[in-house]
Amino acid sequence: MKGRMIVLDHVGGREAAALLVDGVLQDLMIDDEGIPRPGAIFRAICDRPLKGQGGMMLRLPEGDTAFLRQGKGLAPGQAILVQVTGYADDGKAIPVTDRVLFKSRYSIVTPGKLGINVSRQIKEEDVRERLLTCAHDAGVSDGFGLILRSSCEGASDDDICEDIAAMDALAVAIMADTSGEAEMLTEGDGPHSLAWREWVEPAEVVTDTGGFEDHGVLDQIESVSDPRVPLDASAFMYVEPTHALIAVDVNTGGDTSPASSLKANLSACKALPRALRLRGLGGQIVIDMAPMPKTMRKQIESAMRSAFRADIIETALVGWTPLGHFELQRKRERLPIPIGVA
């Protein structure tokens, strides 16, 4: 099975989307009903400030609570529009931001941030000029800015203008709805909508019921429950979530050659983004590399940056600890895939 394929189906009654490249599962999204999705927009009510942290606890519908990191100037009882930024740890408040964005396949409307910008990934000047002209022709409402995403590069002007108009109309309606009790105003995109929005490269799209079984997705999901991830040659790594962090342990296996540690660590850098995506893991990540001299650290850092550059989930490379571990901070945009979900 060659090429890219997007399979839209359901797993355990939940909406799901899978991205296959040459038959190998590269990304997986499974919905979880009852939990606010990242991107959902709420009218929230300020509850109480957190002294010393500068944040504000917010009330959401159905008794849920949210945490806004920057609560300066807000007062208890005040209504505010916020957007969910990720999933919360068990027992913690839902993380939100007051910098609401309206994101679609081709455009992002940015209330309060004026200006029209084109993704830096689009390099050709004639293409950038065409997109800027298209954006100015479509326009957005007063007080809004606009970002044209990299997916615009191969899109038609009509599709881009239609996308901008839809996001602008949604932004106008939501940003005007600021008074009242706590309420969910948009529920955020589910896996099928996210697949359309984020997996923009040409691909065969399968929507038939049972597509996951027909194309071997269920078998590959089952293998994700194994923390052991094979690497090049005989090397392997373990990717295991704990209550505090995600622990990654890199091993050379049976390779005893002088370059075995470097080869294993470089292979781990390349494989780690996919391993984290498929398992839905985020937060603090600590990597215990195979033993190597400090002189090789620059090479590992470069490989790590290259590997995560193409990943759609925001990941910060924090650096080395005194004990020689490498740390990452990854946004919690996915829920961990439960064992036995298939």
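In this text, all values refer to a predicted model and were calculated from it rather than measured experimentally.

Caption draft 1: Representation of the overall build of the protein. Scanning the protein from N- to C-terminus turns up seven helices and 20 strands. Here the C-alpha radius of gyration of the protein, 22 Å, is about what a compact globule of 342 residues would show, namely 20 Å. Judged by the C-alpha coordinates and their principal axes, the protein covers about 65 × 50 × 45 Å. With 342 residues in all, the protein has 44% of them scored as buried.

Caption draft 2: Local environment of the side chain of serine 260. Inspection of the secondary structure puts serine 260 in helix H6 (residues 260-279). Within the structure, serine 260 has its side chain in polar contact with the backbone oxygen of serine 257 (distance 2.9 Å).

Caption draft 3: Region of the structure containing the sheet that holds strand S19 (residues 315-320). Within the open sheet, the six strands sit side by side as S15-S16-S17-S18-S20-S19. Their pairing is mixed. Sheet topology places strand S15 (228-230) and S19 at the edges, where each strand pairs with a single neighbour. Here the strands of the sheet are splayed against their neighbours by 20° on average, with no regard to which way each runs. Looking at chain direction, strand S18 (residues 283-288) and strand S20 (residues 326-330) are connected through five bridges and run antiparallel. Looking at the pairing, glutamine 284 lines up with glutamine 329 of S20. Along the sheet face, H6 touches S15, strand S16 (236-241), strand S17 (246-251), S18 and S20 and points at about 35° away from the line of S16. Packed onto the sheet, helix H7 (residues 297-309) meets S18, S19 and S20 and runs at close to 170° relative to S19.

Caption draft 4: Fine view of the nonpolar core. Judged by nonpolar contacts, the single largest core of 25 residues is most densely connected at Met237, Val239, Val250, Leu272, Ile287 and Met304. Sorting the residues of this core by element identifies S16, S17, H6, S18, H7 and S20 as the ones contributing at least two each. Ranked by residue count, the leading element in this core is H6, at seven residues. Setting aside anything within four residues of it in sequence, one finds valine 239 in contact with Pro227, Val229, Ile246, Ala247, Val248, Leu272, Ala275, Leu276, Arg279 and Leu281. If you look at the next biggest cluster of nonpolar residues, it comprises 23 residues, including Val109, Val118, Leu146 and Ile160.

Caption draft 5: Molecular detail of the pairing of strand S3 (residues 24-30). The element S3 is extensively covered by neighbouring structure, given that five of its seven residues are classed as buried. Direction of pairing for strand S2 (residues 14-21) relative to S3: antiparallel, over a ladder of six bridges. Counted as the bridge partner of valine 21 is valine 24 from S3. With antiparallel pairing between neighbouring strands as the criterion, S2 and S3 make up a hairpin whose turn holds two residues, including aspartate 22 at a positive phi of roughly 55°.

Caption draft 6: Local environment of the pairing of strand S8 (residues 94-97). With burial as the criterion, only one face of S8 is covered, namely that bearing Ile94 and Val96; the residues Pro95 and Thr97 on the opposite face remain uncovered. Bridge count between strand S6 (residues 65-68) and S8: three bridges; the pairing is parallel. Its bridge partner lying in S8, leucine 68 is registered against valine 96. Here strand S7 (residues 79-84) pairs with S8 via two bridges, running antiparallel. Each bridged residue has a counterpart across the sheet, and for valine 84 the counterpart in S8 is valine 96.

Caption draft 7: Spotlight on H7. The terminal C-alpha atoms of H7 lie 18 Å apart, and with 13 residues this matches the ideal 18 Å at 1.5 Å per residue to within 8%. Of the positions making up H7, those classed as buried are Ile300, Glu301, Met304, Ala307 and Phe308. When H7 is viewed along its axis, its buried side chains cluster within an angular range of 130° and face the same direction. The outward face of H7, more than 90 degrees from its buried face, is lined by the exposed residues Lys298 and Arg309. At its buried positions, H7 is contacted by H6, S18, S19 and S20.

Caption draft 8: How the structure looks around the sheet that holds strand S11 (residues 116-118). The strand order S9-S10-S12-S11 describes an open sheet built from four strands, whose pairing is mixed. With partners counted over all chains shown, the strands left at the sheet margins are strand S9 (102-103) and S11, one partner each. With five bridges joining them, strand S10 (residues 107-111) and strand S12 (residues 144-148) adopt antiparallel strand pairing. Paired with proline 111 across the bridge in S12 is phenylalanine 144.

Rules of the game
- Residues numbered from 1 in each chain as written.
- Predicted model: local features only at pLDDT ≥ 70, side-chain atom pairs only at ≥ 80, totals over all residues.
- Heavy atoms only, no water.
- Helix = DSSP H or I, 4+ residues; strand = E, 2+ residues; numbered from the N terminus.
- Rg over C-alpha atoms; globule rule 2.2 N^0.38 Å.
- Buried < 20%, exposed > 50% of the residue type's maximum accessible area, 1.4 Å probe, protein only.
- Polar contact = N/O pair within 3.5 Å; in protein donor to acceptor, adjacent residues only side chain to side chain.
- Pairing = 2+ DSSP bridges.
- Axes fitted to C-alpha atoms, helices over the stretch in contact; angles between N-to-C directions.
- Contact = heavy atoms within 4.5 Å.
- Core = buried A, V, L, I, M, F, W, Y, C linked by side-chain atoms within 4.5 Å.
- Expected span 1.5 Å × (residues − 1).
- Arc of directions from axis to C-beta.

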